[in-house]
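# Coordinates in review
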Amino acid sequence: GQNIDQPTEMTATEGAIVQINCTYQTSGFNGLFWYQQHAGEAPTFLSYNVLDGLEEKGRFSSFLSRSKGYSYLLLKELQMKDSASYLCAPEVGTGTASKLTFGTGTRLQVTL
Amino acid sequence: SAVISQKPSRDICQRGTSLTIQCQVDSQVTMMFWYRQQPGQSLTLIATANQGSEATYESGFVIDKFPISRPNLTFSTLTVSNMSPEDSSIYLCSVQGGLSYEQYFGPGTRLTVT
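Structure report, in brief. (Residues numbered from 1 in each chain as written. Chains lettered and ligands numbered in written order. Predicted model: local features only at pLDDT ≥ 70, side-chain atom pairs only at ≥ 80, totals over all residues. Heavy atoms only, no water.)

## Notes on the overall build of chain B
Going by this rule: Helix and strand assignments follow DSSP, with helices taken as H or I runs no shorter than four residues and strands as E runs no shorter than two, numbered in order from the N terminus. Here the globule rule reads 2.2 Å times residues to the power 0.38, and the radius of gyration is calculated from C-alpha atoms. Relative accessibility under 20% of the residue-type maximum defines a buried residue, over 50% an exposed one, and the middle range a partly exposed one, all with a 1.4 Å probe and only protein chains included. Only four residue types enter the tally: Lys and Arg on the positive side, Asp and Glu on the negative side, with His and both chain ends excluded. Charge coordinates come from a single atom per side chain, which is NZ of Lys, CZ of Arg, CG of Asp or CD of Glu.
Each helix and strand counted, chain B has zero helices and eleven strands in total. For a compact globule of 114 residues, the expected C-alpha radius of gyration is about 13 Å, and chain B comes in at 13 Å, within 12% of that figure. Once the C-alpha set of chain B is aligned to its principal axes, its extents read approximately 40 × 25 × 20 Å. Expressed as a percentage of its 114 residues, the buried residues of chain B come to 51%. The distance from the centre of the 7 positive side-chain charges to the centre of the 8 negative ones in chain B is 8 Å.

## What to know about the environment of B:Val113
All names here are of chain B. This is how the line gets drawn: We call two residues contacting when some pair of their heavy atoms lies within 4.5 Å.
Its place among the elements puts valine 113 in strand β11 (residues 109-113). For the pair valine 113 and isoleucine 46, spaced 67 residues apart in the sequence, the C-alpha separation amounts to 18 Å. Here valine 113 is in contact with Cys13, Gln14, Arg15, Met83, Ser84, Pro85, Asp87 and Ser88, once residues within four sequence places are set aside.

## Considerations on the state of the cysteines
Residue and element names in this part refer to chain B. Counted only if it meets this: For the purposes of this analysis, a disulfide is any pair of cysteine sulfur atoms at a distance within 2.5 Å.
Using the criterion set out here, one finds two disulfides over all chains in the structure. Between the sulfur atoms of cysteine 23 and its disulfide partner cysteine 93 the distance amounts to 2.0 Å. Residues cysteine 23 and cysteine 93 share a disulfide whose torsion about the S-S bond is about 65°; that sign makes it right-handed. Within this pair, whereas cysteine 23 is found in strand β3 (residues 19-25), its partner cysteine 93 is found in strand β9 (residues 89-97), the two being separated by 70 residues in sequence. Summarising the burial analysis for this pair, cysteine 23 and cysteine 93 share the class buried. Cysteine 93 provides the cysteine sulfur closest to cysteine 13, a residue in no disulfide bond, and the two sulfurs are 17 Å apart. Under the relative-accessibility criterion, cysteine 13 is labelled buried at 9%.

## Points about the interface of chain A and chain B
Applied cut-off: Buried area is a sum: the accessible area each of two parts loses on coming together, probed at 1.4 Å, counted once for each and added. For this document, the term salt bridge refers to a Lys or Arg side-chain nitrogen within 4 Å of an Asp or Glu carboxyl oxygen. Polar contact is the term for a pair of N or O atoms within 3.5 Å; when the atoms are in protein, one must be able to donate a hydrogen and the other to accept it, and sequence-neighboring residues count only if both atoms are side-chain atoms.
Residue-level contacts link 19 residues of chain A with 19 residues of chain B. Taking both partners together, chain A and chain B bury about 1500 Å²; carbon and sulfur atoms supply 58% of that area. Here chain A is connected to chain B by one salt bridge. Residue B:Glu58 is joined to A:Lys99 by a salt bridge in which the shortest nitrogen-to-oxygen separation is 2.7 Å. For the interface between chain A and chain B, the tally reads four residue pairs in polar contact (both at pLDDT 80 or more).

## Looking at unusual backbone geometry
Put simply, B:Lys7 and B:Pro8 share a cis peptide bond, and its omega is -10°. Examined against the element boundaries, B:Pro8 turns out to sit in the loop between β1 (4-7) and β2 (10-13). Located in the positive-phi region is A:Glu77, a residue other than glycine, with phi close to 45°. Locating A:Glu77 in the fold gives a position in the loop between β8 (70-75) and β9 (84-92).

## Let's talk about the sheet that holds strand β6 (residues 53-57) of chain A
Residues and elements named next belong to chain A. Operational definition: Paired strands are those between which DSSP finds at least two bridges. For helices, the axis comes from a line fit to the C-alpha atoms of the stretch in contact; other axes are also lines fit to C-alpha atoms, and the angle between any two N-to-C directions lies between 0 and 180 degrees.
Spatially, five strands are ordered β1-β3-β8-β7-β6 in an open sheet, and the strand pairing comes out antiparallel. What marks the edges here is a single partner per strand, and that holds for β1 (3-5) and β6. Put simply, the sheet's adjacent strands are angled 15° from each other on average, direction ignored. Inspection of the sheet shows strand β3 (residues 18-25) paired to β8 by six bridges, in the antiparallel sense.

Structural measurements only, silent on function.
And the structure:
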C-alpha cells in the first residue's frame, strides 16, 4: 500500500522561508511531484523530482532522498499569495502504468 | 503546458440520476486521469483512461458506477451513475503525456447531489 505523511498546517511570515516535509512509503516509486492548490481551484504543478538532490525553480525548490523516502518543498521570500495547500504526490509505475497518489496536503498560511 | 477544460463546471443533481462530465485537452496526450476531491480532503484517483484500452480503476471504484470513455487523444468523459449524496465532490480530470512528464489538472466539476 501507499503511505504519505506531511504536516496538516503551517504558518509563516511574509518574506520568510518555509520548508514543507513529506515522507512516503510506496512500492514501485518512480518520482515525486509537488502541487500547489488554492482554495476552490485545481492543483497546479510546482516540481517533479526523479533523482536525489535539490531542484531549484525561482522561489521554490524541491528536494528528494529516494533511500530515505523523504522530500521537502522549500519556499523562499514568502508572499501572501503563497497561502495555499501544498500536495506531495509520489509517482509509482512508469509509462502508461504510472499514477500519482496524493498526500492529505499541508495548508500554509502566510501572515504579515 | 496543456490547456484543459471541463464541462459542466458545476451541477446540482437529484439522487438516482447520472451525470456525464466531459474533459477536453488542447493537445494530444497519452494518459488521462480522473480524480475525486471531497470537501476538505486530498485527491483520490478514480481511474486511468488511456486511448485504445479499457480504463483502469483504483480500489473502491467500479466501472458500473463510474463508466469512462476515451474515444481519442484529446477527450474523455466520466459518468457518475445512480448518484447519492455521498457522490457530492469535485471531479477533476488530469493529463500527462506528449513531450512532458508533468501532469496538469482541469478546473474541476463541482457536483452536489440532493
